[in-house]
Amino acid sequence: MKRSRASKIVRTSVIGVALFWSLGPVLLGLLTSLSTQAEVQAGQWFPTSWNLSGYQALLSGGGVRTTNGFVPSEIAAFGHAMLNSALITIETTTVLLVLAVTASYAFGRLRFPGRRTMLGLLIGTLILPALAVIIPLWRVMANLHLIGTQLGLLLIYVSANAPLAVWLLYNHVRELPVAVENAALVDGCTKFQAFRLVVLPQMRGGIAAVAAIMALSVWGEFFIPLLFAPTAATKPVTVLITEFVGKYTTNQPLLAAAGILSLIPPALLAIALSRHIRGLISGWHG
Amino acid sequence: MRGSIARVVTAVAALALVAAACSSGGSDPVGSAIASGPSPSIAGQTIVVLLPPWANVPKDILQTFTDQTGVKVDLQVTGWDAIRNKIAITGAANTPLADVTEFDWSWTGQFGRAGWYLPLQGKLDPAMISGLQNNGAFTIGSNQYAVCYSNDFRISAYNKKMFADAGISQPPATLDELTVDLQLIKDKGIAANPLAIPLSATEGTSTAWYLLTLAYGGQLFDPNLQPAFTSPDSGGYKALQFMVDAVNKGFVTPGAVSLTDTQSDNRFTSGSAAVTIVGGPDEMVTANDPSQSKIAGDGSFLLVPGVSGPGATFGLPEGLGIMSTSTHQAAALAFLKWWEQPATVLALQKSIGLLPCSTSAVQSLVSSGKLVGGDTINQELQHVAPLFPQGAPPWYGDFSTKAGSIINAVARGDLSVQEGVNQIAAAATQLQSGA
Amino acid sequence: MGSQRRRARARETALGLSLGSPLLLVILALVFLPLILGLRLSTQAYSYGIPGGFIGLHNYASVLSDPDTLTAAVHTGGYVLVAIAIELVLGLSFALALNRPFRGRGLVMAALVLPWALPSVVSALLWLRIFNPDNGLLNVLLLRVHVLSQPKVWFASRGWAIVFIAIVHAWGVVPLVTLILLAGLQGIPDEIYAAASVDGATGWQQFRMLTMPLLRPALAVALTTGTILAIAIFDEIYMLTGYQLNTFSLMMQAYQITFTRLEFGKGAAFAYLVTLVTGVLALGYIRSLRRAEQ
């Protein structure tokens with residue numbers, strides 16, 4: 001009894017630290033987004049009155065009017081960029097999960113020649129900095145006429161995120177008890193049936209976690225779309241936001257508002273997926 | 001999967017568009033009757049144009065080009081750094097990127113020499129070219145790689161109210177007067193750190209040093225591109241000394257060593273600083289806008305102070321270049337000609353605030369009173385000189401980065417002024433020998 | 001009997017290859033092909049974008065003999081150490097706290113991943129508001145509680161600059177490490193704990209004897225990913241201090257060579273050398289964790 005109360009206190013305070021660490025700067029962003037540019041520049045923390053002009057500009061799609069009549073039309077593209085981000089995130093996560101789950105099962109549970117080499121080649125690419133392959137990759141993509149297309153972006157994202165996905169899922173498959181699968185095989189299932197009916201349901205928790213990791217990292221991707229998604233047709237919100245940085249001045253409340261809005265989909269995703277990460281019945285707390 | 005569906009849809013849409021274009025071309029003679037006359041060889045083509053956010057041309061203005069020539073424009077807007085990176089990558093990979101792109105004055109040495117841009121001499125109206133300010137910045141030898149579309153240059157600004165509060169009636173014309181005025185404003189407690197100047201290890205800091213070098217009557221390099229800023233009586237040495245003095249006398253905030261140019265400028269618009277040395281020609285638009293500035297109504301342009309009167313300043317013009325890999329060079333050339341038409345540059349100034357490079361266009365803006373601070377801008381334009389009369393050398397970008405970090409180290413007190421200028425000179429020499 | 005087994009073997013091989021190869025083909029085309037093309041690029045001379053032909057390993061030699069490379073490596077080492085320490089301590093604590101369901105866990109998870117999803121230009125803006133020497137939150141607070149007597153310029157000294165940049169970097173990576181470790185914890189079957197509980201093991205014993213060993217593969221992934229991301233640190237430095245002499249990292253140096261000097265060959269050589277170091281470190285982690293396992 002005593003121990004569990006102590007562990008509860010420890011856990012509650014860890015969660016408190018976690019919330020402060022993660023939300024502190026985000027709250028600062030929220031305050032910035034509700035301030036005026038003049039207040040931000042003067043280092044004023046709490047706005048005197050709530051200024052919603054940044055959100056209005058982004059959500060109405062009408063652009064922002066400044067004194068010289070500048071109506072940046074790229075701001076009207078905010079909704080479009082959010083949609084681009086959402087589409088490519090869903091596509092990439094789906095494709096990645098299908099390919100990585102099957103591949104991880106094959107490498108983790110099946111015996112066939114070359115599996116170690118294949119796994120090594122896949123995971124080995126994790127260590128490559130994007131800069132090492134960027135120029136030749138551009139040439140490959142250009143030859144395939146895939147620059148600025150959704151398909152091209154999808155392929156690069158899949159190749160960039162696959163190693164981590166496979167590594168995580170491979171470890172996951174290896175940790176799951178084999179007894180159930182073996183029982184299914186004894187009952188006359190084929191290997192593939194055993195995978196589909198037994199192993200896949202067992203992997204649900206791990207798949208949910210990896211899906212979250214993949215979706216979030218695709219959503220936040222910056223360097224790849226900066227170079228390979230040059231047009232409004234595929235430009236994601238992370239790249240669009242950098243264009244709000246002006247030549248002489250940056251409208252900080254607008255930038256912060258865009259940042260806050262761009263956080264909503266990943267936050268919803270995290271809430272949705274956390275329900276599927278199956279909790280343990282008896283944890284390490286005893 | 002969606003990709004392929006999208007491609008089918010695009011293909012169908014493209015077919016429909018082609019069909020529509022053909023039918024309208026066949027039945028509608030108006031399209032070919034416009035004065036300038038759409039060349040039959042380029043009408044119907046689409047050119048890709050890659051520009052930074054501040055050159056995001058509104059659709060209705062772009063439409064006038066399509067009306068004139070029959071050429072459609074696929075305008076792609078992306079960050080300035082990203083444009084530079086993409087040009088470099090596609091140049092190295094020898095693959096097409098766009099037909100027309102942003103061409104910054106500082107890219108002339110690198111991108112021109114690398115052969116990635118089409119030389120334009122002989123292809124454009126010489127009278128139009130000679131009417132443009134700053135155009136030498138895009139030229140190496142006889143090759144001209146771009147035409148200027150944004151007439152950017154450095155100009156100073158001051159806070160009228162703070163100067164009046166300190167009992168100063170005249171804005172400073174020389175750097176010595178400026179020093180006296182700043183001391184007065186500081187002593188009277190009107191501003192604790194009255195000067196805004198960026199000293200972080202960034203491009204803006206190098207720009208400030210270049211500007212002060214010219215203001216002190218100096219040059220960065222001699223005609224043979226040898227460093228001309230190492231002796232204590234040179235402009236560059238005095239400029240760096242001025243920056244260090246500004247730190248030691250408390251004219252700038254100690255935090256300036258980590259402020260970039262826009263952050264430093266914020267000290268001016270937030271009312272913490274009375275003078276900002278390095279600003280752009282649209283500075284007063286933001287400084288006098290109450291939603292963006294705490295000093296609305298008090299900001300005013302100031303001619304860059306010099307030794308015995310207004311000092312020299314320099315231009316940072318941006319141009320439009322045509323890539324060598326472009327397969328629509330005739331249409332791209334038509335786009336450049338259209339952009340430089342008086343009607344186009346005036347429309348662009350009005351809608352997105354681009355200051356035209358054409359001298360006559362600037363004059364008409366000033367005389368009609370359509371330019372905020374137009375008179376001072378016009379006067380300052382008389383003092384604008386190119387930073388590199390011979391065109392920016394290919395190592396300019398790298399030099400600028402190195403200079404920024406060294407000036408930052410001097411401002412932090414890690415190096416003396418003499419050590420600083422010596423290191424900058426050494427960097428320049430090393431970069432040149434590597435080229 | 002033998003032929004039946006052989007047939008089963010063949011079926012398993014076919015299934016394995018058909019499940020494993022699609023992903024590998026994508027990787028071969030989009031990673032290995034460019035990688036090999038890039039190796040060729042790294043043996044070419046380029047001066048400001050103008051190709052100068054084959055020069056063998058000269059690019060590698062010139063990268064290694066450049067004193068800036070060593071400085072960048074030292075800075076990067078600092079970033080890696082500070083960032084990894086923060087990421088592991090916070091990531092492991094957060095993952096353990098989130099492992100068991102409780103009311104509002106979904107909301108806490110959502111809050112936790114936000115830093116990762118925030119575009120880097122926005123987070124740089126926010127951190128600059130915190131570290132701003134003039135009116136930044138950190139200085140204001142420290143002055144108010146009299147820890148400081150005058151405002152401190154955080155990015156002026158090498159040590160503080162590296163620590164603060166590493167904190168900003170780690171802030172964005174902790175969510176990833178937390179999720180990786182959480183995925184690892186979720187993969188540990190409940191039955192093992194149930195058995196341990198029956199055997200009378202305390203919570204701490206279970207953590208030390210069961211959780212940590214079983215978490216090793218996930219820890220290896222987290223450590224490797226964290227290290228790779230920290231070695232590749234770029235955005236945070238670029239936005240917080242620019243190319244400052246006392247903060248520039250390996251990737252900034254590689255970027256500088258590639259995009260400012262347009263020395264594509266040398267830039268490629270630099271990137272490959274960084275890859276080599278990363279690879280050695282990653283292998284080291286995996287080896288040591290595997291050894292600990294045995």
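As the structure is a prediction and not an experimental result, all values here were calculated from the model. (Residues numbered from 1 in each chain as written. Chains lettered and ligands numbered in written order. Predicted model: local features only at pLDDT ≥ 70, side-chain atom pairs only at ≥ 80, totals over all residues.)

**Some points on the overall build of chain C**
Here is the rule: Helix and strand definitions here come from DSSP, where helices need a minimum of 4 consecutive H or I residues and strands a minimum of 2 consecutive E residues; each element is numbered from the N-terminal end. Taken over C-alpha atoms, the radius of gyration is set against a globule rule of 2.2 Å times the number of residues to the power 0.38. The exposure label follows from counting other C-beta atoms within 10 Å of a residue's C-beta, where the C-beta atoms are placed from the backbone and the thresholds are 20 or more for buried and 12 or fewer for exposed, leaving partly exposed in between. In this description, a residue-residue contact is defined by the distance between C-beta atoms placed from the backbone, which must lie within 7 Å.
Across its full length, chain C holds 12 helices and two strands. Order of helices (α) and strands (β) in chain C, N terminus to C terminus: α-β-β-α-α-α-α-α-α-α-α-α-α-α. Against the 2.2 N^0.38 benchmark of 19 Å for 294 residues, chain C shows a C-alpha radius of gyration of 24 Å, more extended than a compact globule. Considering only C-alpha atoms, chain C reaches an extent of 70 × 60 × 30 Å along its principal axes. The 294 residues of chain C split such that 54% are buried. At a minimum sequence separation of 6, the contacts of chain C that also span at least 24 residues come to 69%.

**Re the interface of chain A and chain C**
Quick note on the threshold: Under the scheme applied, nonpolar residues are Ala, Val, Leu, Ile, Met, Phe, Trp, Tyr, Cys and Pro; charged residues are Asp, Glu, Lys and Arg; polar residues are all the others, including Gly.
Counting from both sides, the interface comprises 95 residues of chain A and, opposite them, 92 residues of chain C. Counting residues per element, the side of chain A that touches chain C draws most heavily on helix α1 (residues 2–33) of chain A, which supplies 15 residues. Of the residues belonging to the side of chain A that touches chain C, the class tally is 62 nonpolar, 24 polar and nine charged.

**Details of the interface of chain B and chain A**
Facing the 38 residues of chain B at the interface are 34 residues of chain A. A breakdown of the residues in the side of chain B that touches chain A according to their chemical character gives 11 nonpolar, 19 polar and eight charged.

**Some words on helix α7 (residues 175–187) of chain B**
Residue and element names in this part refer to chain B. To keep things clear, this is the line we draw: By definition here, a helix of n residues has an expected span of 1.5 Å times n minus one. Starting at the helix axis, one direction is taken to each C-beta atom, and the arc is that of these directions.
Here α7 contains 13 residues, and its C-alpha end-to-end distance of 18 Å stays within 8% of the 18 Å for a straight helix at 1.5 Å per residue. Looking at α7, one finds that the buried residues are Leu175, Leu178, Asp181, Leu182 and Ile185. Along the axis of α7, the buried residues cluster in a sector spanning 115 degrees; they form a single face. Residues of α7 that are exposed and point more than 90 degrees away from the buried face comprise Val180 and Asp187. Its buried side turned inward, α7 meets α6 (160–165), β8 (195–196), α8 (203–215), α9 (235–248) and β9 (275–279). Just downstream of α7 lies glycine 189, where phi reads positive at about 75 degrees.

**A look at the pairing of strand β1 (residues 44–47) of chain C**
Consecutive side chains of a regular strand alternate in pointing toward one face of the sheet and then the other. Residues and elements named next belong to chain C. Heads up, the condition is: Two strands form a pair only when DSSP identifies at least two bridges running between them.
Of the two faces of β1, only the one carrying Gln44 and Tyr46 is buried; Ala45 and Ser47 on the other face are not. Two elements, β1 and strand β2 (residues 50–54), share three bridges in a ladder whose sense is antiparallel. Paired with serine 47 across the strands is isoleucine 50, a residue of β2. Linking two consecutive strands that pair antiparallel, namely β1 and β2, is a turn of two residues; a positive phi of about 50 degrees is found at tyrosine 48 within it.

**Notes on the sheet that holds strand β3 (residues 100–104) of chain B**
All names here are of chain B. Spelled out, the test is: Every axis corresponds to a line fitted to the C-alpha atoms, with the helix fit spanning only the stretch in contact, and the corresponding angles, defined between N-to-C directions, vary from 0 to 180 degrees.
Taken in spatial order, the five strands make up an open sheet running β2-β1-β3-β12-β6, and their pairing is mixed. The strands lining the two open edges of the sheet, one partner per strand, are β2 (72–77) and β6 (147–150). Each adjacent strand pair in this sheet contributes to an overall mean axis angle of 35 degrees, direction not counted. Strand direction decides the pairing type here: β3 and strand β12 (residues 318–322), joined by five bridges, are antiparallel. Bridge pairing links phenylalanine 103 to glycine 319 in β12.

**Describing the nonpolar core**
Soluble, globular proteins show a tendency: their nonpolar side chains are buried together. Rules: As used here, a nonpolar core is made of buried Ala, Val, Leu, Ile, Met, Phe, Trp, Tyr and Cys residues. They are joined through C-beta atoms within 7 Å.
Membership of the largest hydrophobic core comes to 317 residues, with the highest contact counts inside it found for Ile197 and Phe335 of chain B together with Ile180 of chain C. Here this core takes 18 residues from helix α7 (residues 158–186) of chain C, the largest share from any one element.

**Overview of unusual backbone geometry**
Of note in this structure, histidine 145 of chain A is not a glycine but carries a positive phi near 55 degrees. Mapped onto the elements, histidine 145 of chain A comes out in the loop between α7 (130–143) and α8 (150–175). Residue classification places histidine 145 of chain A among the exposed positions, given that 10 C-beta atoms sit within 10 Å. Within the chain, leucine 225 of chain B stands out as a residue other than glycine whose phi angle is a positive 60 degrees. Within the secondary structure layout, leucine 225 of chain B lies in the loop between α8 and α9.

**Quick notes on the environment of glycine 200 of chain C**
Tracing the sequence through the fold places glycine 200 of chain C in the loop between α8 (190–198) and α9 (203–231). Sequence spacing of glycine 200 of chain C and alanine 83 of chain C is 117 residues, and the spatial spacing of their C-alpha atoms is 38 Å.

**Description of the sheet that holds strand β10 (residues 299–302) of chain B**
Residue and element names in this part refer to chain B. Strand order in the open sheet made by the four strands is β8-β9-β7-β10, with mixed pairing throughout. For this open sheet the edge positions go to β8 and β10, each flanked by a neighbour on one side alone. With three bridges joining them, strand β7 (residues 155–159) and β9 adopt antiparallel strand pairing. Looking at the pairing, tyrosine 158 lines up with valine 275 of β9.

**Remarks on helix α1 (residues 2–41) of chain C**
To be explicit about the condition: What is called the bend at a residue is the angle between a pair of axes, fitted to the seven residues leading up to and ending at it and to the seven starting from it.
Of all the bends found along α1 of chain C, the most pronounced is centred on serine 21 of chain C and spans about 40 degrees, while proline 22 of chain C, a proline, follows it within four residues. Among the residues making up α1 of chain C, those that are buried are Gly16, Leu19, Gly20, Leu23, Leu24, Ile27, Leu30, Val31, Pro34, Gly38 and Leu41 of chain C.

**Let's talk about the confidence of the model for chain C**
All names here are of chain C. For clarity, the threshold we go by: Every residue is assigned a pLDDT by the predictor, reflecting its confidence on a scale from 0 to 100.
Looking at chain C, the pLDDT average stands at 87 and 99% of residues meet or exceed 70. Mean pLDDT per element in chain C: α8 is the minimum at 76, and helix α3 (residues 67–99) is the maximum at 95. Scored as a whole, the predicted complex attains pTM 0.85, and scored at its interfaces, ipTM 0.84.

**Describing the packing of helix α2 (residues 59–69) of chain B against helix α12 (residues 329–339) of chain B**
Residue and element names in this part refer to chain B. For the record, the criterion: Roughly parallel means an angle under 35 degrees; roughly antiparallel means over 145; roughly perpendicular covers 65 to 115; every other angle is labelled oblique. Rotating anticlockwise by less than a right angle from the far helix to the near helix defines a left-handed crossing, while the corresponding clockwise rotation defines a right-handed one.
Packing of α2 against α12 leaves a shortest axis separation of 11 Å and a crossing angle of 120 degrees. On the basis of the axis angle, α2 is oblique to α12. Crossing geometry of α2 relative to α12 is assigned as right-handed. Residues Phe65, Gln68 and Thr69 of α2 lie in contact with α12, whose contacting residues are Ala334, Phe335 and Trp338. Its residues assigned to classes, the contact of α2 with α12 comprises four nonpolar, two polar and no charged.

**Remarks on the confidence of the model for chain A**
All names here are of chain A. Averaged over every residue, the pLDDT of chain A is 83; residues scoring 70 or more account for 88%. Confidence scores differ between elements of chain A, with helix α4 (residues 73–76) showing the lowest mean pLDDT of 50 and helix α5 (residues 78–109) the highest of 93. Within the model, pLDDT remains below 50 along residues 63–71, and this stretch shows 22 contacts once partners closer than five positions in the same chain are excluded. Segment residues 278–286: pLDDT under 50, and 31 contacts once partners within four positions in sequence are set aside and those in other chains are kept.

**Considering the environment of valine 417 of chain B**
Residue and element names in this part refer to chain B. Among the structural elements, valine 417 can be located in helix α17 (residues 417–434). For the pair formed by valine 417 and glutamine 241, sequence separation is 176 residues and the distance between their alpha carbons is 6.3 Å. If sequence neighbours within four positions are ignored, valine 417 has contacts with Tyr237, Leu240, Gln241, Val244 and Val410.

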